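Here are the chains, one letter per residue:
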Amino acid sequence: QVQLVESGGGLVQAGGSLRLSCAASGRIFSNYFMGWFRQAPGKEREFVAAINWSSGWTTYTDSVSVKGRFIISRDNAKNTVYLQMNSLKLEDTAVYSCAGRYGGYSAYVRAWDYWGQGTQVTVSS
């Protein structure tokens with residue numbers, strides 16, 4: 001069992017930056033992936049980025065809205081995954097959640113086994 005706790009959300013002006021953190025506890029084995037998802041008001045939860053815990057391989061949503069602005073990374077020594085968000089836009093406002101799963105990356109929400117409680121990111125004009 002893996003427990004995930006997010007932090008780092010908050011209120012930021014458009015154009016600003018935030019770094020989200022997701023601390024993982026419990027036993028983590030090889031071929032473990034962690035991902036970030038977000039859910040904006042009135043919308044479904046969507047995939048943002050994922051990273052392989054061991055190799056550091058990363059992948060991002062195909063959405064052009066986040067490409068080049070968001071960066072996922074991890075610090076294995078701290079059992080923590082980060083999402084660096086730059087040049088934030090109003091439409092980035094959402095609850096951001098981290099998730100974990102074994103066996104490979106997936107963009108489908110239901111494919112992920114472990115979830116944090118989420119952290120609110122609000123971008124103001």
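Residues numbered from 1 in each chain as written. Predicted model: local features only at pLDDT ≥ 70, side-chain atom pairs only at ≥ 80, totals over all residues. Heavy atoms only, no water.

S.K.: Can you tell me about the pattern of salt bridges, naming the residues and giving the values?
M.R.: Tallying each qualifying case throughout the model produces 3 salt bridges. The partner of Arg38 in a salt bridge is Asp92, with the nearest N and O atoms 2.9 Å apart. Of this pair, Arg38 sits in strand S4 (residues 32-39) while Asp92 is found in the loop between strand S8 (80-85) and strand S9 (94-102), placing the two residues 54 residues apart along the sequence. Across the pair, exposure class does not vary: Arg38 and Asp92 are buried alike. Residues Arg69 and Asp92 are paired through a salt bridge, measuring 2.8 Å at the closest nitrogen-oxygen approach. With Arg69 in the loop between strand S6 (58-60) and strand S7 (70-75) and Asp92 in the loop between S8 and S9, the pair connects residues that are 23 residues apart, well separated along the chain. Its relative accessible area of 8% is what places Arg69 among the buried residues. Through salt bridges with shared partners, a single network forms among Arg38, Glu46, Arg69 and Asp92. (Salt bridge = Lys/Arg side-chain N within 4 Å of Asp/Glu carboxyl O. Helix = DSSP H or I, 4+ residues; strand = E, 2+ residues; numbered from the N terminus. Buried < 20%, exposed > 50% of the residue type's maximum accessible area, 1.4 Å probe, protein only.)

S.K.: Tell me about the state of the cysteines, residues and numbers included.
M.R.: As enumerated under the stated definition, the model contains 1 disulfide in all. Shown here is the disulfide that connects Cys22 with Cys98, its sulfur atoms set 2.0 Å apart. Judged by the torsion about the S-S bond (55 degrees), the Cys22/Cys98 disulfide is right-handed. With Cys22 in strand S3 (residues 18-26) and Cys98 in strand S9, this pair connects stretches of sequence that are 76 residues apart. On the basis of relative accessible area, Cys98 is assigned to the buried category, the value being 1%. (Disulfide = S-S within 2.5 Å.)

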